[in-house]
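# Structure at a glance
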Amino acid sequence: MNKATDIKTLRHFIAGDWADAESGATFDVLNPLDDSLYCHAARGTGGDMQKAVGAAKAAFAPYRNTLPKDRELWLLRVAEIMEARKGQLLDCLIDEIGSPFQKAMFEFEKSLTMVRAAAGMCRNVRGETIPSDAPGKFSMSVREPLGVVAVITPFNVPLIKTSRLVCNALALGNTVVHLPSEMAPHLSVLFAEIVAEAGVPAGVYNVVTGLGAEIGDDLTSHKDVDFVTFTGSSLIGQHISEICAKNKTPSTLELGGKSPTVILADVDLDEVMPLAARSIFMFGGQACIGSSRFYVERPLYDDFVKRFSMVAGKVGMGDLRDPNTVIAPIISERQRARVRNHIADAVAKGATVAAGGEWEGNRCQPTLLTDVSDDMTVCRSETFGPVSSIYPIDSYEEGLAKANDTDFGLSSAIFTKDIDKAFHFARNIGAGMCHINGPTIHDEAHVPFGGNGESGVGREGTDADMEAMTELKWITVQL
Ligand code: NAD
């Protein structure tokens, strides 16, 4: 599909049918490796969004009454069809968003677990019996689906986010309108084909492609949308949270990060180095939970910088289909400009480039900065590229204080053999997630995934979405 001869035009998936944009307009989706045309996609309008929300609302009444065994079967079929269409999904992850093969494989495998875990939720939508002070009153709670769920996903892990959020919503009896990133619409269109093939009833899952800035508000402010789950930048998350607050629409926001890794002097650097590299360079640093700040205890600092720089220089930047390639192209010119600016600003203000700093086509070399100070943009803002800063610390306490000196609070990590310090860190870091002796990049289907502060509100995962995407109803019976 990335070849000029068979470039496609993607259409919306609404009420079980494929549809052009109401206006007939399309937009271009580019292959980030060389900015060649990957495909065209329907440029959704407010009218298209209206139709999609209408379809999801109409489908909700019958769908909420489907049996757990039906929803479970549909979702297990989604996983089976994903496996059958693995090659196509991998190609899409590689050519639409520039995933290196190993990241595409990781994402595909992780996504399968997300879908299967969602299937397991269907039989576990439970309330409880509640003691009553009223004589002869039997009191209970039941968990009910909310209705129409708006799912808004980013470009960087489109299959993971789609699999988790769409399937969790469907498992619980909700219907969905999905606005995928304008840089990754094909992946969601493929997912819609899979959902349809699995037999999920028409109107239960709807995809509208388009530019978020043009049609996002039509979705999030729609009176028939009962829940919004947004993953993306903190800037747009702020805008969406204001809309949701005004309309009293519940939401979860999974936003950006500036995740710290603290490395104490008692660790074996041979063990830490590959994990440090994985923490920031995977998919060219375009990971919300990537570690863009390393705080290293002074006795190890020089050695760490030297060894990390050597590792960075060897990270694979070859063909995206080569299993050894790690570094991805930065997705768009706008995002490349941000990464360039962060590096240039740091260098202009006195930072040292310990590794990388240059570009090969649309790929930024794995870049490590030292001598980074507070007035540099890279110190506090999300770079979303293969760029990390290394800071010396004189004690664990200084490391914790510096790790906490941020507006973000997504993932975090500490490497040490000292169990007391490790647990103290885990309990006192102001992040939603903490990994002891492991990289900041880690996710599983059933864990509470999410962050605090500028990194978002709420958690996602099977248990968290059970809470977020259903409502408890209290019922009594006077006996
Ligand atoms: P982005 O904020 O530019 O776009 C995300 C989505 O928002 C896209 O689908 C876009 O079309 C849509 N959008 C744009 N304007 C909108 C509006 N007014 N209303 C509704 N939707 C609108 O983010 P991106 O560049 O695609 O992704 C990168 C960002 O996502 C980074 O900040 C990264 O940290 C974050 N992210 C967070 C997580 C997490 O779980 N916390 C996971 C992945 C990515």
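Residues numbered from 1 in each chain as written. Predicted model: local features only at pLDDT ≥ 70, side-chain atom pairs only at ≥ 80, totals over all residues. Heavy atoms only, no water.

The subject of this paragraph is the domain arrangement of the protein. Entries for the protein in the domain assignment read domain 1 (4–255 + 453–478) and domain 2 (259–436). For domain 1 versus domain 2, the separation of C-alpha centres amounts to 31 Å. In this complex, domain 1 contributes 25 residues to the contact, which on the side of domain 2 involves 29 residues. For the domain 1 and domain 2 pair, buried surface summed over both sides reaches about 2200 Å², with 61% attributable to carbon and sulfur atoms. Its largest share of buried area at the contact with domain 2, domain 1 owes to Leu33, Pro100 and Phe155, together 22% of the area lost on that side. Joining domain 1 to domain 2, the criterion identifies 3 salt bridges. Residue Asp91 is joined to Arg321 by a salt bridge in which the shortest nitrogen-to-oxygen separation is 3.0 Å. Mapped onto the side of domain 1 that touches domain 2, the elements with two or more residues apiece are helix H3 (86–95) and helix H4 (101–121). In terms of residues, the side of domain 1 that touches domain 2 owes the most to one element, H4, which gives 4 residues. (Domains from an automatic or database assignment. Contact = heavy atoms within 4.5 Å. Buried area = accessible area lost by both parts, 1.4 Å probe. Salt bridge = Lys/Arg side-chain N within 4 Å of Asp/Glu carboxyl O. Helix = DSSP H or I, 4+ residues; strand = E, 2+ residues; numbered from the N terminus.)

Read from one edge of the open sheet, 7 strands run S15-S18-S19-S14-S13-S20-S21, paired in mixed fashion. Among the strands making up the open sheet, the edge pair consists of strand S15 (352–355) and strand S21 (435–436). Contacts from helix H10 (residues 298–314) reach strand S13 (259–263), strand S14 (291–297), S15, strand S18 (367–370) and strand S19 (387–393) within the one sheet, and its direction differs from that of S14 by about 140 degrees. (Pairing = 2+ DSSP bridges. Axes fitted to C-alpha atoms, helices over the stretch in contact; angles between N-to-C directions.)

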